[in-house]
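# Residue-level structural notes
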Amino acid sequence: STDRTLNLAVIPGDGIGPEVVAQGLKVLEAVLPQDVKLETHEYDLGARRWHATGETLPDAELERLKEHDAILLGAIGDPGVPSGILERGLLLKLRFAFDHFVNLRPSRLFPNTDSPLAGRPDIDFVVVREGTEGPYVGNGGSIRTGTPQEVANEVSVNTAFGVERVVRDAYERARARTAKKLTLVHKNNVLVHAGHLWKNTFDRVGQEYPEVSTDYLHVDAATIFLVTDPARFDVIVTDNLFGDIITDLAAAVSGGIGLAASGNINPDREFPSMFEPVHGSAPDIAGSGKADPTATVLSVALLLRHLGFEAEAARIDEAVTADLAERAGTTRSTQETGDALAARVAG
Ligand code: NAI
Ligand code: MG
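Residues numbered from 1 in each chain as written. Chains lettered and ligands numbered in written order. Predicted model: local features only at pLDDT ≥ 70, side-chain atom pairs only at ≥ 80, totals over all residues.

Before going further, it helps to spend a moment on the packing of helix H9 (residues 294–306) against helix H10 (residues 310–327). Contact pair H9 / H10: the axes reach a minimum separation of 7 Å and the direction vectors enclose 160°. Judged by the angle between their axes, H9 and H10 are roughly antiparallel. The element H9 and its partner H10 pack so that their crossing is left-handed. On the side of H9, the interface is formed by Thr294, Val297, Leu298, Val300, Ala301, Leu304 and Arg305, while H10 contributes Glu310, Glu312, Ala313, Ile316, Asp317 and Val320. The residue makeup of the contact of H9 with H10, split by class, is eight nonpolar, one polar and four charged. (Axes fitted to C-alpha atoms, helices over the stretch in contact; angles between N-to-C directions. Helix = DSSP H or I, 4+ residues; strand = E, 2+ residues; numbered from the N terminus. Parallel < 35°, antiparallel > 145°, perpendicular 65-115°, else oblique. Left-handed = near helix turned anticlockwise from the far one by under 90°. Contact = placed C-beta atoms within 7 Å. Nonpolar A, V, L, I, M, F, W, Y, C, P; charged D, E, K, R; others polar.)

Before going further, it helps to examine the UniProt feature "binding site: substrate" (unreviewed entry) in the protein chain. The sites that UniProt annotates as "binding site: substrate" (unreviewed entry) are Arg95, Arg105, Arg129 and Asp220. These annotated residues cover 126 residues of sequence, and their C-alpha atoms sit far apart, with the largest distance between any two at 26.6 Å. In this fold, Arg95 is placed in helix H4 (residues 85–97). In this structure Arg95 comes out as partly exposed when scored by C-beta crowding, with 19 C-beta atoms within 10 Å. Among all residues touching Arg95, those that are not within four sequence positions of it are His100, Gly131, Thr132 and Asn264. Residue position: Asp220 is located in helix H7 (residues 219–228). The exposure class assigned to Asp220 is exposed, which follows from the 11 C-beta atoms found within 10 Å. (UniProt positions renumbered as here; feature names shortened; annotations may be inferred. Buried ≥ 20, exposed ≤ 12 C-beta atoms within 10 Å, placed from the backbone.)

The next point concerns the confidence of the model for the protein chain. Across the protein chain, the average pLDDT comes to 95, with 99% of residues at or above 70. For this predicted complex, the interface confidence reaches an ipTM of 0.97, while the overall pTM sits at 0.94. (pLDDT = per-residue confidence, 0-100.)

Counting buried residues in strand E4 (residues 102–108) gives seven out of seven residues, a clear majority hidden from the surface. Burial of E4 is two-sided: the residues Val102, Leu104, Pro106 and Arg108 facing one way and the residues Asn103, Arg105 and Ser107 facing the other way are all buried. Pairing analysis gives seven bridges linking E4 to strand E5 (residues 124–130), with the strands arranged antiparallel. Pairing of Arg108 across the sheet is with Asp124, part of E5. Both E4 and strand E11 (residues 261–265) contribute to a ladder of three bridges, which runs antiparallel. Within E11, the position partnered with Leu104 by the bridge is Gly263. (Pairing = 2+ DSSP bridges.)

What follows is about the site of ligand 1. Lining the immediate environment of ligand 1, one finds 21 residues, of which Gly77, His279, Gly280, Ala282 and Asp292 sit closest. Across the shell around ligand 1, the residue classes tally to twelve nonpolar, five polar and four charged. (Near = placed C-beta within 6 Å.)

Moving on to the UniProt feature "binding site: Mg(2+)" (unreviewed entry) in the protein chain. Under the UniProt annotation, the feature "binding site: Mg(2+)" (unreviewed entry) is placed at Asp220, Asp244 and Asp248. Across 29 residues, the annotated set stays spatially compact, with a maximum C-alpha separation of 14.2 Å. By the secondary structure assignment, Asp244 is in helix H8 (residues 240–253). The exposure class of Asp244 is partly exposed, given the 18 C-beta atoms found within 10 Å.

Further remarks concern the environment of Thr228. Residue position: Thr228 is located in helix H7. Spatially, the C-alpha atom of Thr228 lies 37 Å from that of Ile11, the residues being 217 residues apart in sequence.

Now for the sheet that holds E5. Sheet architecture is open: ten strands sit in the order E2-E1-E3-E12-E11-E4-E5-E10-E8-E9, paired in mixed fashion. What marks the edges here is a single partner per strand, and that holds for strand E2 (36–42) and strand E9 (213–218). If you compare each strand with its neighbour and ignore which way they point, the axes differ by 20° on average. Of the pairings in the sheet, the one linking E11 to strand E12 (residues 273–277) comprises four bridges and is antiparallel in character. Paired with Asn264 across the bridge in E12 is Met274. Strands in contact with H8 are E4, E5, strand E8 (181–186) and strand E10 (235–238); relative to E5, the strand with the most contacts, it is inclined by about 155°.

Glancing now at the nonpolar core. If you look at the biggest cluster of nonpolar residues, it comprises 84 residues, and the most contacted ones within it are Val27, Leu72, Val128, Val300 and Ile316. No other element matches H9, which puts eight residues into this core. Both domain 1 (1–100 + 261–347) and domain 2 (115–254) contribute no fewer than three residues apiece to this core. Excluding residues within four positions of it along the chain, Val300 makes contact with Gly24, Val27, Leu28, Leu72, Phe275 and Ile316. (Core = buried A, V, L, I, M, F, W, Y, C linked by C-beta atoms within 7 Å. Domains from an automatic or database assignment.)

As a further point, take the packing of helix H1 (residues 17–31) against H9. Their axes nearest at 8 Å, the elements H1 and H9 cross at an angle of 45°. Taken together, the axes of H1 and H9 lie oblique to each other. By crossing handedness, the relation of H1 to H9 is classed as right-handed. Touching Val20, Val21, Gln23, Gly24, Val27 and Leu28 of H1 are Thr296, Val297, Ser299 and Val300, all from H9.

Here it is in structure tokens:
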């Protein structure tokens, strides 16, 4: 067999980022087949770099990042960096430059984990959030800034092309799942222009997927059902802003921030996709060994699945499920959890 190489860019970032990424890489090494060679290249990006040099993401590094098969990111940021600098200059810049139009966030309530919801509902759904349009593109401005007459606009951009490609991706994901159900979340009773583009596209593309059952919810109603009846969801497709908000709610009801994984995906594979835990750099626990690396390990599973390593991704999911049962009621360090997961996927 020909030797394969997985050429991975690693952005450990700040705070607990490097701590959890080290465990993610440990599990990745352990799960990869013998004939796959893992090559990693580390990029020093984030708050520490910005404090040192004022740089967020220099173009030369953006070019080099393009050469990798995928990117694993820990977390970026610390309280000393003004809000918006790293979000716009690094995270959103990467998302737009690499056309990460699918932001994927699975939510599953694993056995032996806590949910704030009574009765431990059966939660297993995935949110497909649009990643390159909506109100996040920086299409806005203000005039008379700082005066009582200030006017500020933040225009939500929705293109037929952009909506169709993410809706199509969501149908593909729904078709591949057992329940085969896709819910569109929007607010088309008020945001009628964008809402109708989304709903019409959703209905039209849906004709090509007769095996997928569909549903529509306004975003406010969706927040109610995410709490009262999360079992009703299988795949959710939604715009950038609604997706940002409901995925945090989804993470909260399904085991919390230590378990929430995500992928910023370019399904066309023109550019590397980026995988990261949903949580941030957690400065309050950085250096204490308390960070749970499981969200990063589950992000590695998403990465593997995206690159076609389905069996290896499934092994990680099984290892996490088994490990959560074993660790219930104990206190583990970051490294102990990483070691336990690496041992399970290897064995
Ligand atoms: P955060 O997610 O870093 O922390 C929120 C709370 O959750 C803290 O109490 C923290 O200790 C806890 N927590 C987070 N991850 C954990 C883990 N793996 N194990 C155990 N506990 C964990 O959010 P916060 O405090 O709002 O932001 C801290 C910094 O991270 C800020 O600079 C923020 O801008 C940045 N951030 C970066 C993100 C990214 O890189 N994509 C995402 C969110 C925040
Ligand atoms: Mg968020």
